[in-house]
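# Coordinates in review
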Amino acid sequence: MSSQMLSLSFRPQSLDDLVGAKHMTRLIRSHVASGRMPAAWMLVGGSGTGKTTTARIIALSLQCPHQQ
C-alpha cells in the first residue's frame, strides 16, 4: 500500500481546482494560449496562498504538452 502525505493528497491538480486565484489563473492561461511563456514566474504572497501548488501545476503543464 502506498502512503502519501495528507497535505499532498488534497493539493489541487489543475488550474481549475485552485480556489481564490481567478486573476492568476486567467493570466497563466492567457500566456499559455498566446504561446509567449515568460522566462520566469514570480509567485508572491503570504503563507498558505498557493504559491507552491501553482508552481507545481505550471511545472507539470510545461513538462506534459498533451495535458490541457
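The paragraphs below set out a description of the structure included in this document. (Residues numbered from 1 in each chain as written. Predicted model: local features only at pLDDT ≥ 70, side-chain atom pairs only at ≥ 80, totals over all residues. Heavy atoms only, no water.)

### Notes on the pattern of salt bridges
Taken as a whole and assessed by the stated rule, the structure comprises one salt bridge. Salt-bridge contacts for Arg29 lead to Asp16; the nearest nitrogen and oxygen are separated by 2.5 Å. With Arg29 in helix α2 (residues 22–34) and Asp16 in the loop between α1 (6–9) and α2, the pair connects residues that are 13 residues apart, well separated along the chain. The exposure class of Arg29 is partly exposed, given its relative accessible area of 40%. (Salt bridge = Lys/Arg side-chain N within 4 Å of Asp/Glu carboxyl O. Helix = DSSP H or I, 4+ residues; strand = E, 2+ residues; numbered from the N terminus. Buried < 20%, exposed > 50% of the residue type's maximum accessible area, 1.4 Å probe, protein only.)

### Here we look at a nonpolar patch on the surface
A surface patch of nonpolar side chains, about 260 Å² in accessible area, is lined by Val32, Met37 and Leu62. Exposure remark for Leu62: the relative accessible area of 51% places this residue in the exposed category. (Patch = residues over 30% accessible without salt bridge, like charges linked within 9 Å, V, L, I, M, F, W, Y side chains within 5 Å. Areas by Shrake-Rupley, 256 points an atom, 1.4 Å probe, with all protein chains shown as cover.)

### With respect to α2
When the terminal C-alpha atoms of α2 are compared, their 18 Å separation across 13 residues agrees well with the 18 Å that a helix rising 1.5 Å per residue should span. All of the buried residues along α2 are Thr25, Ile28 and His31. Each buried residue of α2 lies within a common arc of 125° when the element is viewed along its axis, so the set occupies one face. Away from its buried face by more than 90 degrees, α2 exposes Lys22, His23, Arg26 and Ala33. The inward-facing, buried residues of α2 contact α3 (51–63). Looking one or two residues beyond α2, the residue adopting positive phi is Gly35, at roughly 85°. (Expected span 1.5 Å × (residues − 1). Arc of directions from axis to C-beta. Contact = heavy atoms within 4.5 Å.)

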